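# Observations on chain architecture
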Amino acid sequence: MKKTLTMIAFMTMASIGAVAQPKLMKDNIEDVLNAMTLEEKVSLLVGKSRFVIMNGVPTGTTSKVEGAAGETQAIERLGIPGTVLSDGPAGVRISPTRKGDDNTYYATAFPVGTVLASTWDTELVQRVTKAMGEEAKDFGIDVLLAPGMNIQRNPLCGRNFEYFSEDPFLSGKMAAAYTKGIQENGVGVSIKHFMGNNQETNRNEVDSRISQRALREIYLKNFEIAVKDADPWTVMSSYNKMNGKYTQQNRELLTTLLRDEWGFKGIVMTDWGNKEGTVDAVNAGNDLMEPGSDVEVERILAGVRNGAISEEQIDTNVRRMLEYIVKTPSFANYHFSSKPDLKAHAQLTRESSAQGMVLLKNDENTLPLKGNETVALYGVTSYDFIAGGAGSGQVNTAYIRSLKDGLENDGVRVDETTADWYSKYVAYATAASKNNEVGGLFWGKTVLPEMQVSSKFITKREPETDLAVITISRNAGEGSDRKNVEGDFTLTQTERQLLQDVADTYHAAGKKVIVVLNIGGVIETESWKSIPDAILLAWQPGEEGGASVADILVGKVNPSGKLAVTFPVRLFDNPSTKNFPFNYEMSQRRWPGSFKKAPVRNVDYTNYEEGIYVGYRYFETKGLDVSYPFGYGLSYTTFEYSSPAVKATSDGFVAMVTVKNAGKTAGREAVQIYVTAPSGCLDKPSCELKGFVKTKELLPGESQTVSVKIDNYSLASFNENASRWETADGVYQVKFAASIRDVRQTAKYQLKKPLVWEVNDILALKEK
Ligand code: BGC
């Protein structure tokens, strides 16, 4: 390594002798490019940080900001600064402490991607990410490696918590809002992971085999929307292969599609790993190799020398790097404070997370509480809340608000005897988990095993309390998928027993039981959802999680979140499950690589056999029962929909509907617009989400007419035989819905002539 750097330094010195030395400015990029030596150019294409393990956490070693994941190379003689790249989707991930420095650098753990999507509120998302971007800038970051926006193809993907939805339209719109919020601050995003990274098992090698139609309509559509709507500074290519090629080395993907078709102007960087085939990555239009290694520098230099990479290609990629660099705070020599307004951001987290929580059940108006109750608070995570998932999406936050604290701050009494038992258990289990005796989750917050509570204890506490709340939690994260086993997708025996015992005791006394789900991804709910009186899906709502939950439980906030993903009855109802590495034993055969035999299905390659029938597209078209449908979520009030209308425009239509708060509590409604296409065109799902809007807070009796623009292109399906998007003529049913299974009003849109958009015949699936 030393040798290469010395060599570059020497060659650089030798070749610059007589050349003029322009300093980089916004308007002299060509001059700077012309003044650069080949070695300097190549140095800009390979990240400067190196992958290290710090306190057991894999991270970058950037010279500017400790714990940031990546950095680009500086070239001082040309006035090119290094720039800093940091995770991640739920807030800035840097080291909270620094050697020889007494200050702390904690960041805000904002709500995870699934929470943001469940708000169905793009304005709110933009407000949250505006604050996140401010924080990034205040910590000296130029690009936040976010949002994670892969499609939640299967409930068990370990990183679903970072991602938005099973639906590409919702995912794309959320990513666009997210991007706008961050970039308003003059720092960039890196939308990731482009693309086909829908499982974590063997993510570095797995080949995602996807039909052209499913690519275009599902797995690329969300990225297309984000790129076209929000102009992200950077895109991160994924680790995996897609249809036989690493995405980072696929020119059809990174150049023909992303740049030529969609008009992307920024840089593409790899995800964090050095792969063979760096030459192909450069030629594909992958501008930056992260986190960077000397091996990659050598490979690129060799590639240029032996003609495998043209100088023109190098210049194209370097030009894009320079265009990126001149936009950054580092280039502007921004003096960052390292002191973001953590208090204001905590408050924003508290408010926004509450908007993304989904009330799944509320029999007999169990909720909201009156606020003067005494609650028996069960479940270990009630006292040790989970803010976000594990891996690079984790944030080093100063604290996580527990549900106990949240409730008490909102004036609810928490039964002390119950709390004492749990607090002691949490202390014991946390210590034991540090010694690896119990629980444990690599590179993330440890999830403590549930405490066994005797029915005798419950019976004793019941007379002292007015109701019981039980928190059930799950955590998962980068590098592995969740498992179809008890305690992961389904409840453990201990959890079931606790729920049943508490419910038996409290129901016998005419008292209510509420379940709070502090989870990052979908779990099985069908078998137990009849037991409690109310269920609040809190997801992983950031550092103020316990406060946001309490605000809903006591009715300070009327829940308005809705599901961005379907909760199936059974895991195997989901069509992707048969092609998902749910069988952990099987994936262990190959990963982590004990021996290599014939390629293992769902480990070495995964067939996306379900095609476009992902999530609700499948459940609706098949008419299958689900536990909770896409778009579902209750409120403390009710809404009436009236006056549906569709007005044609030059390139589509505007859909309008009036929503009235027909109940007694102020609240907001996420209105969804699904469209059913006329028959006679390509085979299509029975309906698809094409628009959504969240009302303002409506007072009882108040109405709002909401409108959404939908264009003809977004109604199109992809005909892979003709390589073109097609919108058939005929009558489209426009459905105004409270959830996909709760259509309130319909209108019609008539398209008189069919429309087509020809595109490149690329990314074909050759190997079956
Ligand atoms: C993850 C990325 C992350 C990067 C840098 C990778 O392992 O897949 O999402 O941005 O690390 O930490």
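Residues numbered from 1 in each chain as written. Predicted model: local features only at pLDDT ≥ 70, side-chain atom pairs only at ≥ 80, totals over all residues. Heavy atoms only, no water.

### What to know about the domain arrangement of the protein
The figure often quoted for interface size is the accessible area lost as the parts come together. Let me state the cut-off plainly: As used throughout, domain bounds are those supplied by an automatic or database domain assignment. Residue contacts are defined here by distance: any two heavy atoms, one from each residue, within 4.5 Å place the two residues in contact. By buried area we mean how much accessible surface two parts lose on assembly, using a 1.4 Å probe and totalling the loss over both.
Partitioning the protein into structural domains gives domain 1 (36-325), domain 2 (349-567), domain 3 (571-627) and domain 4 (637-758). Each of domain 2 and domain 4 has a C-alpha centre, and these two points are 36 Å apart. Listed by partner, the interface residues are five residues for domain 2 and 10 residues for domain 4. Among the residues of domain 2 in contact with domain 4, Asn 558, Ser 560 and Lys 562 are the three that bury the most area, contributing 85% of the side total.

### Some words on the sheet that holds strand 6 (residues 188-194)
The condition that has to hold: One bridge is not enough; two strands pair if DSSP finds at least two bridges between them. Working definition: helices are DSSP H or I runs of at least four residues, strands are E runs of at least two. Numbering for both runs from the N terminus. Think of each axis as a best-fit line through the C-alpha atoms, taken over the contacting stretch in the case of a helix, with angles from 0 to 180 degrees between the N-to-C directions.
One open sheet accounts for six strands, arranged 3-4-5-6-8-11; its pairing is mixed. Sheet topology places strand 3 (70-71) and strand 11 (267-269) at the edges, where each strand pairs with a single neighbour. Alignment of strand 3 against strand 4 (residues 84-86), held across two bridges, turns out to be antiparallel. Looking across to strand 4, one finds that Gly 70 is bridged to Leu 85. Each of strand 5 (143-144) and strand 6 is contacted by helix 6 (residues 168-183), which is oriented at about 150 degrees to strand 6, the strand it contacts most.

### What to know about the site of the ligand
Applied cut-off: By convention in these notes, a residue is near a molecule or strand provided one of its non-hydrogen atoms lies within 4 Å of it. The definition of a polar contact used here is a pair of N or O atoms within 3.5 Å, where within protein one atom must be able to donate a hydrogen and the other to accept one, and adjacent residues in sequence count solely through side-chain atom pairs. For the area figures, the Shrake-Rupley method with a 1.4 Å probe applies, and any residue is considered shielded solely by the protein chains shown. Note on residue classes: Ala, Val, Leu, Ile, Met, Phe, Trp, Tyr, Cys and Pro are nonpolar, Asp, Glu, Lys and Arg are charged, and everything else, Gly too, is polar.
Taken together, 14 residues lie near the ligand, and Asp 87, His 193, Tyr 239, Asp 271 and Glu 478 sit nearest. Between the ligand and the protein, one listed contact pairs an oxygen atom with a side-chain N or O atom of Lys 192 at 2.9 Å. Separating an oxygen atom of the ligand from a side-chain N or O atom of Arg 203 is a distance of 3.4 Å. Taking 310 Å² as the accessible area of the ligand by itself, protein coverage stands at 97%. Here the residues of the shell around the ligand sort into five nonpolar, two polar and seven charged.

### A word on unusual backbone geometry
Defined as follows: Buried, partly exposed and exposed residues are distinguished by accessible area as a fraction of the type maximum, computed with a 1.4 Å probe on protein chains only: under 20%, between the cut-offs, and over 50%, respectively.
With an omega dihedral of 0 degrees, the bond running from Lys 192 to His 193 counts as a cis peptide bond. You can see His 193 is positioned in strand 6. Residue Pro 291 is reached from Glu 290 by a cis peptide bond, and omega for that bond is 0 degrees. One non-glycine residue, Trp 120, adopts positive backbone phi at about 55 degrees. Here Trp 120 shows up in the loop between helix 4 (113-119) and helix 5 (122-138). Trp 120 sits in the buried class, given a relative accessible area of 1%. Positive phi outside glycine occurs at Leu 763, with the angle close to 60 degrees.

### Some remarks on the environment of Ala 503
Take Ala 503: it is sitting in helix 17 (residues 493-508). On the accessibility criterion, Ala 503 (3% relative accessible area) is buried. Ala 503 sits 226 residues away from Asp 729 along the chain, and the two C-alpha atoms are 55 Å apart. With near-sequence residues (within four places) excluded, Ala 503 lies in contact with Ala 508, Val 513 and Ile 531.

### Examining the sheet that holds strand 12 (residues 358-362)
What the six strands build is an open sheet, ordered 12-17-16-15-13-14; its pairing is mixed. Strands with a single pairing partner mark the edges of an open sheet, and in this sheet they are strand 12 and strand 14 (413-414). Inspection of the sheet shows strand 15 (residues 467-473) paired to strand 16 (residues 512-518) by seven bridges, in the parallel sense. Across the sheet, the residue bridging to Ile 470 is Val 515, located in strand 16. This element, helix 17, spans strand 13 (374-378), strand 15 and strand 16 of the sheet and lies at about 170 degrees to strand 15.

### What to know about the confidence of the model for the protein
Applied cut-off: The predictor rates its confidence in each residue with pLDDT, a number between 0 and 100.
Confidence in the prediction of the protein, expressed as mean pLDDT, is 93, and 92% of residues score 70 or more. In this model residues 1-14 is a low-confidence stretch, pLDDT under 50, and it forms 13 contacts with partners more than four residues away in sequence or in other chains. The model gives residues 437-442 a pLDDT under 50, and that stretch makes 17 contacts with residues more than four places away or in other chains.

### Structural notes on the packing of aromatic side chains
This is how it is decided: Aromatic pairing here means that ring centres of Phe, Tyr or Trp (its six-membered ring) are within 6.5 Å. Orientation follows from the plane angle: under 30 degrees is stacked, over 60 is edge-to-face, and everything else is tilted.
All told, the structure shown has 23 aromatic pairs when counted by the stated rule. Here Trp 233 and Tyr 324 contribute two aromatic rings whose centre-to-centre distance is 6.3 Å and whose plane-to-plane angle is 70 degrees, an arrangement assigned as edge-to-face. With Trp 233 in the loop between helix 8 (221-230) and strand 8 (234-237) and Tyr 324 in helix 12 (residues 311-325), this residue pair connects regions lying 91 residues apart in the sequence. As far as the burial class goes, Trp 233 and Tyr 324 line up, both buried. Each ring, one from Tyr 383 and one from Tyr 422, has its centre 5.1 Å from the other, and the planes form 10 degrees; the classification is stacked. Of this pair, Tyr 383 sits in the loop between strand 13 and helix 14 (403-409) while Tyr 422 sits in helix 15 (residues 416-434), placing them 39 residues apart in sequence. With respect to burial, Tyr 383 and Tyr 422 carry one shared label: buried. By way of ring pairs, the aromatic residues Trp 120, Phe 169, Tyr 616, Phe 630, Tyr 674 and Phe 692 are connected into one cluster.

### Looking at the packing of helix 5 against helix 6
The angle between the axes and the distance between the axes are what describe a pair of packed helices. The cut-off we apply is this: Geometric relationships in this document are graded by angle, where less than 35 degrees denotes roughly parallel, more than 145 denotes roughly antiparallel, 65 to 115 denotes roughly perpendicular, and other angles denote oblique. With the far helix as reference, a near helix turned anticlockwise by less than a right angle produces a left-handed crossing, and one turned clockwise produces a right-handed crossing.
Where helix 5 contacts helix 6, the two axes come as close as 7 Å, and the packing angle between them is 40 degrees. Considering the angle they form, helix 5 stands oblique to helix 6. The chirality of how helix 5 crosses helix 6 is right-handed. Listed contacts from helix 6 to Thr 122, Val 125, Gln 126, Thr 129, Lys 130, Met 132 and Gly 133 of helix 5 are Lys 173, Met 174, Ala 177, Tyr 178, Lys 180, Gly 181 and Ile 182. Among the residues forming the contact of helix 5 with helix 6, the class breakdown is six nonpolar, five polar and three charged.

### Digging into the side chain of Lys 684
Put simply, the rule is: When charges are counted, neither His nor the chain ends are considered; positive counts come from Lys and Arg and negative counts from Asp and Glu. Should a side-chain nitrogen of Lys or Arg be within 4 Å of a carboxyl oxygen of Asp or Glu, the pair is scored as a salt bridge.
Relative to the elements of secondary structure, Lys 684 occurs in the loop between strand 23 (670-676) and strand 24 (688-694). At 4.4 Å, Glu 688 is the nearest oppositely charged side chain to Lys 684, a buried residue that forms no salt bridge. Side-chain polar atoms of Lys 684 contact the backbone oxygen of Leu 715, separated by 2.8 Å. Looking at Lys 684, its side chain comes within polar contact range of the side chain of Ser 717, at 2.9 Å. With sequence-adjacent residues up to four places away left out, Lys 684 is seen in contact with Arg 213, Tyr 613, Ala 677, Leu 715, Ala 716 and Ser 717.

### Concerning helix 18 (residues 545-553)
Taking burial as the measure, the nine residues of helix 18 include nine buried ones, the bulk of the element. Of all the residues in helix 18, the buried ones are Gly 545, Gly 546, Ala 547, Ser 548, Val 549, Ala 550, Asp 551, Ile 552 and Leu 553. For helix 18, the secondary structure elements touched by its buried residues are helix 13 (342-356), helix 14, strand 16 and strand 17 (534-537). With its phi angle positive at about 85 degrees, Gly 555 sits one or two positions after the end of helix 18.

### As for the nonpolar core
Heads up, the rule is: In this text, buried Ala, Val, Leu, Ile, Met, Phe, Trp, Tyr and Cys residues form a nonpolar core when linked through side-chain atoms within 4.5 Å.
Core analysis: the biggest nonpolar cluster contains 156 residues, and Phe 194, Met 195, Tyr 378 and Leu 517 have the highest contact counts within it. Those residues in contact with Met 195 that lie beyond four places of it in its chain are Asn 150, Ile 210, Leu 215, Tyr 219, Leu 220, Phe 223, Ser 238, Asn 240, Met 242, Thr 247 and Leu 253. Residues Val 143, Met 269, Met 289 and Val 297 belong to the second largest nonpolar core, which totals 40 residues.

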